[in-house]
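Residue-level structure breakdown
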Amino acid sequence: NCKGKNAYLLEAPLLGWRFAGGLLPLADVVTSQVELRSLSVKELELAIRTRHKLSGYELEFASGGEYIDEPEVAQRFFDALHRRSAGSFSLALQMYTASLDAADAGQGRIAVGALPPSPRRLLEELDDETKVRLHAILRQGWIDIEGAAQVESTSAGAAQGRLDRLVVQGLLRKEAGGAYV
């Protein structure tokens, strides 16, 4: 019952929440906590299909370049989606949305094609130096060239080159004020 009071819903990765809880008295202001587990294949499929039904369109899945309405094809898609997302609904929804190929408003159908590669796999392929650099940036949410040079004990030119490489790789974005996020 929140009559006359403001209520907030917070979402945070478990490790981030634990880290913040070690620094701040979160238990004093957060009355309830719910830890969400990874979804099973069936739960993930149900969640995605339920979310998709809001569109009012039917789904058809690709197999060998052709779109067919066979349960086995859909099952292979959701099995792969579950593997690549590790059961995370938010990641699975992003990957599912990225796999939508075409919509036919006349027939009320949306075609689902191939899944994009998992960002987790791509991150795992990064070298350790890049992972450490990204971790340092994520901890404060941004970095500028001078800060990167200081953290890495290198020249501003070398730091800028490394940051710009991360921009080209799609891992960072350069803001107008010179900050990398």
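Details of the structure are given in the entry above.
Description of the structure in this document. (Residues numbered from 1 in each chain as written. Predicted model: local features only at pLDDT ≥ 70, side-chain atom pairs only at ≥ 80, totals over all residues. Heavy atoms only, no water.)

Description of the packing of aromatic side chains
For the coordinates displayed, the defined rule picks out four aromatic pairs. For the ring pair F61 and F77, a centre distance of 5.3 Å and an interplane angle of 50° mean the geometry is tilted. Here F61, found in strand β1 (residues 58–63), pairs with F77, found in helix α4 (residues 71–85); they are 16 residues apart in sequence, far enough to count as distant. Both residues of the pair, F61 and F77, count as buried. With 6.5 Å between their ring centres and 75° between their planes, F77 and Y96 make a pair best called edge-to-face. (Phe/Tyr/Trp six-rings, centres within 6.5 Å; stacked < 30°, edge-to-face > 60°. Helix = DSSP H or I, 4+ residues; strand = E, 2+ residues; numbered from the N terminus. Buried < 20%, exposed > 50% of the residue type's maximum accessible area, 1.4 Å probe, protein only.)

Observations concerning helix α9 (residues 156–168)
The terminal C-alpha atoms of α9, which comprises 13 residues, lie 18 Å apart, in line with the 18 Å expected from a rise of 1.5 Å per residue. Of the residues one or two after α9, G170 is the one with positive phi, at around 80°. (Expected span 1.5 Å × (residues − 1).)

Overview of the pairing of strand β3 (residues 100–104)
Looking at chain direction, β3 and strand β4 (residues 109–112) are connected through four bridges and run antiparallel. Opposite D104, over in β4, you have R109 as the bridge partner. The loop that links β3 with its antiparallel partner β4 comprises four residues; one of these, G108, has a positive phi angle of about 65°. (Pairing = 2+ DSSP bridges.)

Details of the layout of surface pockets
Roughly 1200 Å³ of volume is contained in the largest pocket. Every residue lining the largest pocket is counted, 29 residues in all, and those nearest its centre are L10, E11, A12, V34 and L36. Only α1 (14–23) and α5 (89–98) provide two or more residues apiece to the lining of the largest pocket. Top element by residues in the lining of the largest pocket is α1. It accounts for three residues. A class-by-class count of the residues in the lining of the largest pocket yields 16 nonpolar, eight polar and five charged. (1 Å grid on protein atoms, 1.4 Å probe; cavity = no way out; pocket = protein on both sides within 12 Å on 5 of 7 lines; lining within 4 Å. Points joined across faces, edges and corners; volume = space filled by probe spheres on them. Nonpolar A, V, L, I, M, F, W, Y, C, P; charged D, E, K, R; others polar.)

As for the packing of α4 against α5
The geometry of α4 relative to α5 is characterised by a closest axis approach of 9 Å and an angle of 130° between their N-to-C directions. By the angle between their directions, the pair α4 and α5 is classed as oblique. α5 is crossed by α4, and the crossing has right-handed handedness. On the side of α4, the interface is formed by F77, L81, R84 and S85, while α5 contributes L91, A92, M95 and Y96. The residue inventory of the contact of α4 with α5, partitioned by class, reads six nonpolar, one polar and one charged. (Axes fitted to C-alpha atoms, helices over the stretch in contact; angles between N-to-C directions. Parallel < 35°, antiparallel > 145°, perpendicular 65-115°, else oblique. Left-handed = near helix turned anticlockwise from the far one by under 90°. Contact = heavy atoms within 4.5 Å.)

Brief notes about the pattern of salt bridges
According to the stated counting rule, one finds eight salt bridges in the structure shown. A salt bridge links R109 to E60, with the shortest nitrogen-to-oxygen separation between them at 3.7 Å. In this pair, R109 sits in strand β4 while E60 sits in strand β1, placing the two residues 49 residues apart along the sequence. R109 gets classed as partly exposed once you look at its relative accessible area, which sits at 25%. Across the pair E152 and R133 runs a salt bridge, and its minimum N-O distance is 2.5 Å. Linking E152 in helix α8 (residues 145–152) with R133 in helix α7 (residues 128–140), this pair joins segments that are 19 residues apart in sequence. A relative accessible area of 23% means that E152 is categorised as partly exposed. Note on R133: relative accessible area 8%, which makes it buried. Beyond isolated ion pairs, a larger network of salt bridges with shared partners links E129, R133, E152 and R162. (Salt bridge = Lys/Arg side-chain N within 4 Å of Asp/Glu carboxyl O.)

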